[in-house]
Amino acid sequence: MESTDSKHEIVIVGGGICGLATALALHRKGLKSIVLERSKILRSEGGGIGVLPNGWRALDQLGIGSHLRTVALPLQRGRDIFLGEDKEQKIEYVSGDVRCMARNDLIRSLADALPAGTIRFGCEVSSVDYDSVTKFTRLLLSNGSYIEAEILIGCDGGRSIVAELLGLKPAKEFGVVATRGLTTYPNAHSLPIEFHRHFKGDVRVGILPISHDLVHWFVTFPTRQLTGEKFPRDENAIKQMVIENIEKLQDLPAKVKEVIHLSEPESLSFSHLKYRPPGELLLGRLRKGTVTVAGDAMHVMGPFLGQGGCSSLEDAVVLARCLGSAAAVKNNVDGIEKEERSARIEEALEKYVKERRMRVAQLSMHTYLIGASMAATSKLAKMAFGGAMALFFRNGAAQNEYDCGQL
Ligand SMILES: Cc1cc2nc3c(=O)[nH]c(=O)nc-3n(C[C@H](O)[C@H](O)[C@H](O)COP(=O)(O)OP(=O)(O)OC[C@H]3O[C@@H](n4cnc5c(N)ncnc54)[C@H](O)[C@@H]3O)c2cc1C
């Protein structure tokens, strides 16, 4: 068997929002970790990210909330505008401290608060292997080296290799695509500081000002309306596809169209929206020995409530709190037998899974109903999904009230 090149107490796979937030939360609890990120630089694809009050609570626990509030204006309200129907309604979940920020600001603030050397760029994990006797996980990197982890946390997104190790199935596609981007106005824009979404059929166009000179926008529509490539990567192809879709919306205000026309090509991204079924979150295995998952690796969900990233920040706080309070982890091996230490780690991770399972299953169910209704072609199916939502998720702002507690 090949030798192990290095051994670490806590290894996090993935340096996205969740991986970096988890490393930071652990650092604040005095626990050292390393983050293996396959990309060579910090990744901040997607333009902006909406952060709701529950997300801000988590950011405050991480100690970066105050700084981030200086780069993202509070949104005064949220409105859904139904084009051609002369109808609009309040977006219920836009209540309290809701702001949109550039993903780059969030990712950079998380990374800057970490001790030097925590993030290992260009480290792609090719396979993971858990030894139930030693309770260590062996990770094979794409450069052929091996790393051993006493605790492994998979924050490797919607196609997680760590989730696969736990036996979770690959995430499913909603049948809805999203394009996103950022637009800079050197002389300031004149848009209201609010979140507004324009609806026409199954197409949604959303506008979220970040500051007086920066705006985040998104356009979502069912995959069946996709005319070009299934995975356009070229920024010009993405821009052309979005523009074709919005130009069909005759009643879309010129100001909104302008935001998209002026967007910066390098900020554009395209994705097929994915989800982990709520049933799998309720009943699936979210921990195996000293291995667990967080963020999209655990609960990738539709972005319709702006909760995927916010709940990933909550995961980070809860996970670090649970591990931090397991004395064995903090005190290292001194005076504690290896088996006793592993048992305490497993207990801490189980506590984390227990605390998160219902929370993320609920968010996943709510977003699933919205996505399924968007993708459905029959009126009856749309009504059924809408009825289930009205029955189970009457209070649209309830998820904002969640408090992940102190670190
Ligand atoms: C269109 C859209 C809009 C959204 N809007 C919002 C919003 O407004 N508010 C909100 O809260 N959430 C939103 N979300 C959700 C949010 O973006 C995600 O929940 C969040 O980014 C998840 O972060 P993560 O770190 O778990 O995963 P990711 O961001 O996917 O990061 C995973 C990281 O792991 C790395 N990686 C993967 N595999 C490996 C490997 N084998 N080895 C090493 N590294 C690896 C990747 O390179 C990546 O950097 C939106 C999502 C979409 C698609």
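To be clear, the structure that these remarks concern was listed above.
Summarised in this report is the structure supplied together with it. Counting of residues starts from 1 at the beginning of each chain's written sequence and follows it residue by residue. With pLDDT at 70 or above as the cut-off, local features in this predicted model cover only qualifying residues; side-chain atom pairs require 80 or more to be listed or tallied, and sums for whole chains, interfaces and linings still use all residues. As a rule here, side-chain values come from all non-hydrogen atoms in the structure, and water together with hydrogens is ignored.

Topic: the packing of aromatic side chains
Right, on to step 1. Note on ring pairs: Phe, Tyr and Trp rings are taken, using the six-membered ring of Trp, and paired if centres are within 6.5 Å. Classes follow the plane angle, with under 30 degrees stacked, over 60 edge-to-face and the rest tilted. If you walk through the whole model with that rule in mind, you get 6 aromatic pairs.
Right, on to step 2. Measuring from ring centre to ring centre gives 4.5 Å for F174 and Y275, while their planes differ by 35 degrees; the resulting arrangement is tilted. You can see F174 sitting in strand β11 (residues 172–184) and its partner Y275 sitting in strand β15 (residues 269–275), a full 101 residues away along the chain.
Right, on to step 3. Here F174 and F304 contribute two aromatic rings whose centre-to-centre distance is 5.5 Å and whose plane-to-plane angle is 70 degrees, an arrangement assigned as edge-to-face. The way it works is that DSSP assigns letters per residue, a run of H or I at least four long becomes a helix, a run of E at least two long becomes a strand, and they are numbered from the N terminus.

Considerations on the state of the cysteines
Joining two cysteines, a disulfide is a covalent bond between their sulfur atoms.
Right, on to step 1. Criterion for a disulfide: a pair of cysteine sulfur atoms at a distance within 2.5 Å. Applying the stated criterion to the full structure yields 0 disulfides.
Right, on to step 2. Of all cysteine sulfurs in the structure, the one in C310 sits closest to C100, which takes part in no disulfide; the separation is 11 Å.

Quick word on the sheet that holds strand β12 (residues 195–200)
Right, on to step 1. The criterion for strand pairing is that DSSP finds at least two bridges linking the strands in question. Taken together, 7 strands build an open sheet; the order of strands is β5-β4-β12-β13-β14-β11-β15 and the sheet is mixed. Strands at the two margins of the open sheet, each flanked by one partner only, are β5 (87–90) and β15. Averaged over all pairs of adjacent strands, the angle between their axes in this sheet comes to 20 degrees, without regard to strand direction.
Right, on to step 2. Each of β11, β13 (203–209), β14 (214–222) and β15 is contacted by helix α12 (residues 338–375), which is oriented at about 95 degrees to β11, the strand it contacts most. Each axis is a line fitted through C-alpha atoms, taken for helices only over the stretch in contact, and angles between the N-to-C directions span 0 to 180 degrees. The contact rule is simple, with two residues in contact once any of their heavy atoms fall within 4.5 Å.

Notes on the environment of P277
Right, on to step 1. Within the secondary structure, P277 is located in the loop between β15 and α8 (278–283).
Right, on to step 2. Separated by 84 residues in sequence, P277 and A361 place their C-alpha atoms 8.4 Å apart.
Right, on to step 3. In this structure, P277 is in contact with K172 and S364, ignoring residues within four places of it in sequence.

A look at the site of the ligand
Right, on to step 1. For this description, a residue counts as near a given molecule or strand if any of its non-hydrogen atoms is within 4 Å of it. Close contacts around the ligand come from 31 residues, with E37, G50, R103, D296 and G309 the closest.
Right, on to step 2. A distance of 2.8 Å separates a nitrogen atom of the ligand from a polar atom in the backbone of G50.
Right, on to step 3. Here, Shrake-Rupley sampling with a 1.4 Å probe gives the accessible areas, and only protein chains in the shown set may cover a residue. Burial of the ligand by the protein chains amounts to 87% of its free accessible area of 1000 Å².
Right, on to step 4. Secondary-structure elements contributing two or more residues to the shell around the ligand are α1 (17–28), β2 (34–37), β3 (48–51), β11, β15 and α10 (308–325).
Right, on to step 5. No other element matches α10, which puts 3 residues into the shell around the ligand.
Right, on to step 6. Grouping the constituent residues of the shell around the ligand by class yields 12 nonpolar, 11 polar and 8 charged.
Right, on to step 7. Each of domain 1 (6–72 + 93–172 + 276–401) and domain 2 (174–274) contributes no fewer than three residues to the shell around the ligand. For the purposes of these results, a polar contact is taken to be a pair of N or O atoms within 3.5 Å, where, inside protein, one atom must be able to donate a hydrogen and its partner to accept one; residues adjacent in sequence count only when each atom of the pair is a side-chain atom. In this classification, the charged set is Asp, Glu, Lys and Arg, the nonpolar set is Ala, Val, Leu, Ile, Met, Phe, Trp, Tyr, Cys and Pro, and all remaining amino acids, among them Gly, are polar. The source of the domain bounds is an automatic or database domain assignment.

Brief notes about the packing of helix α6 (residues 235–247) against helix α7 (residues 254–261)
Right, on to step 1. Packing of α6 against α7 leaves a shortest axis separation of 10 Å and a crossing angle of 170 degrees. Judged on the interaxial angle alone, α7 and α6 are roughly antiparallel. Facing K239, V242, I243, I246 and E247 of α6, the residues of α7 in contact are K257, I260 and H261.
Right, on to step 2. Partitioning the contact of α6 with α7 into residue classes produces 4 nonpolar, 1 polar and 3 charged. Each angle receives one of four descriptions, namely roughly parallel if under 35 degrees, roughly antiparallel if over 145, roughly perpendicular if within 65 to 115, and oblique otherwise.

Functional significance is not addressed by these values, which are geometric in nature.
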